[in-house]
Amino acid sequence: MPDQSPTSADETWLAYVELDVFADYGSFLVQDDTASPDTTRAFITDLMNNLVAATDGAIGVGTARRRTLPVILDVRTTPPDDNLDGWDHVTEAGLRITSGRIVVSKLDYRPTTPRTAVPPGNYTAHTYATGFDTISDDRIHGDDTYHVVLWPGPRAEPHVLKRYPHLPIPG
């Protein structure tokens, strides 16, 4: 995975947090703290086929495994350098944050679930995934990682920028 972590002198980062997120049903949500995601059949289908879906206040991220996974939430003032080399699957979507807090979870709103403070507004999001070729046939073991980068910008419709050739992932 390409190193995209901030340095202490870099002023383009609004927030950066490394999380362990349980990917229940092979996905997790990046959402506004007050959102109530409407996960319709079309949302679920997009999530399975493209590993990305969006609804008001939330982005769904499809995963290769149904386990606790490493996820980086990276909120910047400017778009990332989009060199897609080294990534298995890359998606884009838009997200509106009204509360000033982002939750990365799978419908887990306990008070102990981390919230990340960000300025309210519209964001463009890229989700980068790697390690898909390390996933075991039973989808239990593997070294997949997810890096979600957001920056102030238009709320793009969910779409794939770089497709992993073996979607949907069996299991």
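Heads up: the structure comes first, above all this text.
Notes on the structure in this doc start here. (Residues numbered from 1 in each chain as written. Predicted model: local features only at pLDDT ≥ 70, side-chain atom pairs only at ≥ 80, totals over all residues. Heavy atoms only, no water.)

1. Observations concerning the pairing of strand β7 (residues 101-105)
Counting buried positions along β7 yields four of five residues, so the element is predominantly enclosed. Looking at chain direction, strand β2 (residues 27-32) and β7 are connected through four bridges and run antiparallel. Note on β7: the bridge partner recorded for Leu29 is Ser105. Note that β7 and strand β8 (residues 115-117) share three bridges and pair antiparallel. Its bridge partner being in β8, Val103 is matched across the sheet by Arg115. (Buried < 20%, exposed > 50% of the residue type's maximum accessible area, 1.4 Å probe, protein only. Helix = DSSP H or I, 4+ residues; strand = E, 2+ residues; numbered from the N terminus. Pairing = 2+ DSSP bridges.)

2. So, the sheet that holds strand β6 (residues 89-97)
Overall, mixed pairing links the six strands, which are arranged β1-β5-β10-β9-β6-β11 in an open sheet. Sheet topology places β1 (13-22) and β11 (159-162) at the edges, where each strand pairs with a single neighbour. For this sheet, the mean inter-axis angle between neighbouring strands, taken without regard to orientation, is 25 degrees. Two strands pair when backbone bridges link them, and strand β5 (residues 68-76) and strand β10 (residues 145-152) are joined in this way by five bridges, in the parallel orientation. The partner of Ile72 across the bridge, within β10, is His147. (Axes fitted to C-alpha atoms, helices over the stretch in contact; angles between N-to-C directions.)

3. Some details on the environment of Thr134
With respect to the helices and strands, the residue Thr134 is situated in the loop between β9 (121-130) and β10. Overall, Thr134 belongs to the partly exposed group, its relative accessible area being 39%. Along the sequence, Thr134 and Asp144 sit ten residues apart, while their C-alpha atoms lie 7.2 Å from each other. With residues up to four places along the chain from it excluded, the contact list for Thr134 reads His141, Gly142, Asp143 and Asp144. (Contact = heavy atoms within 4.5 Å.)

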